[in-house]
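# Residue-level structure breakdown
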Amino acid sequence: MTPFLIQNVRKQVPLVHAITNYVTVNDCANITLACGGSPIMADDKQEAEEISSLCNATVINIGTLNSRTIDSMILAGKRANALGHPVILDPVGAGASKLRTETVFRLLDEVKFTVIRGNISEMKTVYAGSGTTKGVDADEADATTEDNLDSVVRFAKELSARTGAVIAITGAIDVIADSTRAFAVRNGHPMMSKITGTGCMLTCVVACYCAANPEHVLEATTAAVSAMGLCGELAHRDVEKLDAGTATLRAHLIDYMSKMDDAMLSRGEKIESR
Amino acid sequence: MTPFLIQNVRKQVPLVHAITNYVTVNDCANITLACGGSPIMADDKQEAEEISSLCNATVINIGTLNSRTIDSMILAGKRANALGHPVILDPVGAGASKLRTETVFRLLDEVKFTVIRGNISEMKTVYAGSGTTKGVDADEADATTEDNLDSVVRFAKELSARTGAVIAITGAIDVIADSTRAFAVRNGHPMMSKITGTGCMLTCVVACYCAANPEHVLEATTAAVSAMGLCGELAHRDVEKLDAGTATLRAHLIDYMSKMDDAMLSRGEKIESR
Amino acid sequence: MTPFLIQNVRKQVPLVHAITNYVTVNDCANITLACGGSPIMADDKQEAEEISSLCNATVINIGTLNSRTIDSMILAGKRANALGHPVILDPVGAGASKLRTETVFRLLDEVKFTVIRGNISEMKTVYAGSGTTKGVDADEADATTEDNLDSVVRFAKELSARTGAVIAITGAIDVIADSTRAFAVRNGHPMMSKITGTGCMLTCVVACYCAANPEHVLEATTAAVSAMGLCGELAHRDVEKLDAGTATLRAHLIDYMSKMDDAMLSRGEKIESR
């Protein structure tokens, strides 16, 4: 992608405020450090704005949503907007409950997101909350495949046009788009779905990459998606060699992220412009 | 135990809603994935029922109990009862505080549990909350040994008769019972007590195994207990070989669970009918 | 340091109540077990006092502070004070927000701490909350170096005199002091800052070491700081050998802590009396 993209992260060490779920929060903190950033988690509404002010990017992840933290998310997001910091939304489980869906709608209404990253099902809920609900053909897709890739790309571009955010729809093939340009990423390995938190962790990597490369949000997001997938591939290769299992996959994935640089990504990235 | 028991889990990929403590929640999510299920954690009372409805089993673990989540536990448990889904109770620390003990009593009063899993001390508190408190001879036992195994088995059967739940009392020897039948499991290794979360993780494995084998709850629970112990044994063998420590034990335990199948369990299980 | 210090921990298995942040809580529980203690986490104000009463030490860590748990911290701390148990403060992020700073001030006002452990920036905030704010020369220091070590030692001694607590200021060089004596510890490796939770984990190890060696709080705290650093050094050596990354560092660090004994610490400690 862009030269020096990861080097910029490692030089700047962006501080990322994450209001995130308690299931994967430790992995999120560790991958943020591994990829070159520095994490702070603060979800009380008495300090959410202040902490976002100190940081270079804010992540909002609704994975274990509760009434107490929704206001904190709004406050942190608005403050980051006011300061021009990237704000990344991870709409975990959007569509699975009324609380989550309505919270995503409220977030879309009150905060301007720089990037929104989710799976196809979550992103359809985001779409439903982002304006008039005229049908898009990706609406029927449950997963991105070579067969429906074109329609997922069109869906992502339209969702970007509606929200003003770069859209990252992750799955077997990942699609990253703004309103006019898109990339398909074919890194990753199916075994990554057997550990929790790969999505949440990726969202934090996206935040770090965007914070350090604010002029290239689409490229930074694409690079983050590709880097995460590449780490999964390399970790899976180790698991096979060691005849190990999912806990080893997770540890090696973070290990590789801590060693990732522009040259390593350049050698391993499987990115196609669409 | 029952043929195809684990194969059923891996085929059906049961969705498990866990309202659980924040200490071991990441391990719980990862072992659920490793053993063949898929986890969702949602503890806000605005969505607890809806999420349980989507799932195939519900786990209630009181490990870091707080006032906010007790109502969510009741709501999720009742909804799972109404839908006929297995509901598993992990009464972590029951007896250690008034809040925990009273919450267990309230849960026993309002929710019908399919399986209750805890250590002998926690299970005595459950017993006290499950009806008239006539003494049982296991009441004096602090740990299950070959010497008091008979009395622990009788205690477990009586507790099952009182609660209608399959009872799993884990310890050096594990006892799993319904009101008429019981198994003793001698898998496991003492080093497992040197990592946090083995009990919480086991409860999630029990939920997956029961959800995929609803006609064989006693056998499914026994298989889960045996599988967890076997993973601990194999992990401990690796730790010895590598001269490693407790973090390696934990990672390898999850690794082995991700590779567990019926043949592997059949070779390693140490299950005795009592 | 003191002979049998770690042996005392492993013999007594101190029970530690930690009201701590949800980012690193699992690591805190696992390191507590690894170093020879046993952890309980309970942050609801209905049970905080009762749980502290059952325990041998109480840890208060403000890492993901929220309004609900501040009262629990005060209650647990006061109860532990009343019982004469060690109470350890980890003022994570003190100074980063008004909520954190004010909470630290309130804690210092209402609870008597046995040990306070933080980085230099956090400890300056603690200093500001501990009495009249006459300047100290460490006030300008952002990190402890050989050049400013003397002034950091003086600062630590004065802070100890003000608070009555043993002070542990961790960084590239660690300084541990009471009002009259101090130690500098040069164990550790910079890569430890690339994983989350090394500070939080250390605070739990301090609690275990102090609970089992109540007559030697300064020595016990110094030994804990040195042991943690040594584990980091050994883990880093493995990472280099394996060409691994930060997740391996974290696992091996906990592995080494689970194997730590007085002889191993004695061989590896880099402790200087100041």
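Model, not experiment: these values are computed from the prediction.

Close approach of charged atoms allows side chains of opposite charge to pair. Under the defined criterion, the tally for this structure stands at 60 salt bridges over all chains. The residue Arg186(A) makes a salt bridge to Glu272(A) at a minimum N-O spacing of 2.7 Å. Of this pair, Arg186(A) sits in the loop between β8 (182-185) and α8 (198-212) while Glu272(A) is found in strand β9 (residues 271-273), placing the two residues 86 residues apart along the sequence. Residue Arg186(A) is classed as partly exposed on the basis of its relative accessible area of 29%. When the shortest N-O distance is used, the salt bridge between Glu219(C) and Arg181(C) registers 2.9 Å. Separated by 38 residues along the polypeptide, Glu219(C) in helix α9 (residues 217-242) and Arg181(C) in the loop between β7 (174-177) and β8 (182-185) bring together distant segments of the chain. With a relative accessible area of 13%, Glu219(C) lands in the buried category. By relative accessible area, which is 37% here, Arg181(C) ends up partly exposed. Through salt bridges that share partners, Lys45(A), Asp71(A), Lys78(A), Arg106(A) and Glu110(A) make up one connected network.

Turning to the interface of chain A and chain C, a few remarks are in order. Taken together, the contacts link 24 residues of chain A with 25 residues of chain C. In this assembly, chain A and chain C are joined by 2 salt bridges. The residue Asp243(C) makes a salt bridge to Lys259(A) at a minimum N-O spacing of 3.7 Å. Listing elements by their share of the side of chain A that touches chain C, those giving two or more residues are α2 (25-35), α3 (48-54) and α10 (246-259) of chain A. Taken together, the residues that form the side of chain A that touches chain C break down as 11 nonpolar, 5 polar and 8 charged.

Both faces of strand β4 (residues 87-90) of chain B are covered, namely the face carrying Val87(B) and Leu89(B) and the face carrying Ile88(B) and Asp90(B). Handedness of the β-α-β unit built from β4(B), helix α5 (residues 98-110) of chain B and strand β5 (residues 115-118) of chain B comes out right-handed.

Each copy of the sequence occupies a distinct position, and chain A is placed on chain C by a rotation of 120° and an axial shift of 0.0 Å, giving an RMSD of 0.0 Å. Overall, the copies show the geometry of a three-fold rotation axis. If distances are taken from each C-alpha of chain A to the rotation axis, the shortest is found for Tyr22(A), at 3.7 Å. Here only 8% of the interface residues in chain A have copies in chain C that are interface residues too; the copies meet through unlike faces.

For the rest of this paragraph, the subject is the pairing of strand β5 (residues 115-118) of chain C. Residue and element names in this part refer to chain C. Here β5 shows no split at all, with Val115 and Arg117 on one side and Ile116 and Gly118 on the other all buried. Two strands pair when backbone bridges link them, and strand β4 (residues 87-90) and β5 are joined in this way by 2 bridges, in the parallel orientation. Pairing of Ile88 across the sheet is with Val115, part of β5.

The next thing to look at is the side chain of Thr203(B). All names here are of chain B. Here Thr203 shows up in helix α8 (residues 198-212). Thr203 gets classed as buried once you look at its relative accessible area, which sits at 0%. Excluding residues within four positions of it along the chain, Thr203 makes contact with Val59, Ile88, Asp90 and Arg117.

The subject of this paragraph is the environment of Leu33(C). Residues and elements named next belong to chain C. Note that Leu33 resides in helix α2 (residues 25-35). Overall, Leu33 belongs to the buried group, its relative accessible area being 8%. For the pair Leu33 and Ala224, spaced 191 residues apart in sequence, the C-alpha separation works out to 14 Å.

Right, let's talk about the sheet that holds strand β3 (residues 57-61) of chain B for a bit. Residues and elements named next belong to chain B. Ordered in space as β2-β1-β3-β4-β5-β6-β7-β8-β9, the 9 strands form an open sheet in which the pairing is mixed. A single partner strand is all that each edge strand has here, and the edge strands are β2 (38-40) and β9 (271-273). Looking at each pair of strands side by side, their axes are set apart by 20° on average, direction ignored. Where helix α4 (residues 67-83) meets the sheet, it contacts β1 (15-19), β3 and β4, and its direction lies at approximately 150° from that of β3. Lying on the sheet, helix α7 (residues 149-163) is in contact with β5, β6 (166-169), β7 (174-177) and β8 (182-185); it crosses β6 at an angle near 145°.

With that settled, the discussion passes to the confidence of the model for chain A. All names here are of chain A. Looking at chain A as a whole, the pLDDT averages 95, with 96% of positions reaching at least 70. Counting interchain partners and residues more than four positions distant, the pLDDT-below-50 stretch residues 133-138 has 14 contacts. Among the scores for the predicted complex, ipTM is 0.95 and pTM is 0.96.

This part takes up the interface of chain B and chain A. Interface size is often expressed as the accessible area that is lost when the parts come together. The partner chain A presents 25 residues to the 24 residues of chain B that form the contact. Buried area between chain B and chain A, both sides added, is near 2100 Å², and the carbon and sulfur share of it is 48%. At the surface where chain B touches chain A, the tally comes to 2 salt bridges. Across the contact surface, chain B and chain A share 17 residue pairs in polar contact (both at pLDDT 80 or more). Where the side of chain B that touches chain A is concerned, the elements lending two or more residues are α2 (25-35), α3 (48-54) and α10 (246-259) of chain B. When its residues are assigned to classes, the side of chain B that touches chain A shows 11 nonpolar, 5 polar and 8 charged.

Residues and elements named next belong to chain C. Pairing within the open sheet is mixed, and its 9 strands lie in the order β2-β1-β3-β4-β5-β6-β7-β8-β9. The open sheet terminates on both sides in strands that have one partner only, identified here as β2 (38-40) and β9 (271-273). In this sheet, adjacent strand axes meet at a mean angle of 20° when their direction is disregarded. Pairing geometry for strand β6 (residues 166-169) and β7, over 3 bridges, is antiparallel. Its bridge partner being in β7, Ile167 is matched across the sheet by Ala177. In this fold helix α4 (residues 67-83) packs onto β1 (15-19), β3 (57-61) and β4, with an angle of close to 150° to the strand it touches most, β3.

Cut-offs applied
- Residues numbered from 1 in each chain as written.
- Chains lettered and ligands numbered in written order.
- Predicted model: local features only at pLDDT ≥ 70, side-chain atom pairs only at ≥ 80, totals over all residues.
- Heavy atoms only, no water.
- Salt bridge = Lys/Arg side-chain N within 4 Å of Asp/Glu carboxyl O.
- Helix = DSSP H or I, 4+ residues; strand = E, 2+ residues; numbered from the N terminus.
- Buried < 20%, exposed > 50% of the residue type's maximum accessible area, 1.4 Å probe, protein only.
- Contact = heavy atoms within 4.5 Å.
- Nonpolar A, V, L, I, M, F, W, Y, C, P; charged D, E, K, R; others polar.
- Right-handed = clockwise from strand over helix to strand, strands pointing away.
- Least-squares fit on C-alpha atoms with pLDDT ≥ 70 in both.
- Pairing = 2+ DSSP bridges.
- Axes fitted to C-alpha atoms, helices over the stretch in contact; angles between N-to-C directions.
- pLDDT = per-residue confidence, 0-100.
- Buried area = accessible area lost by both parts, 1.4 Å probe.
- Polar contact = N/O pair within 3.5 Å; in protein donor to acceptor, adjacent residues only side chain to side chain.

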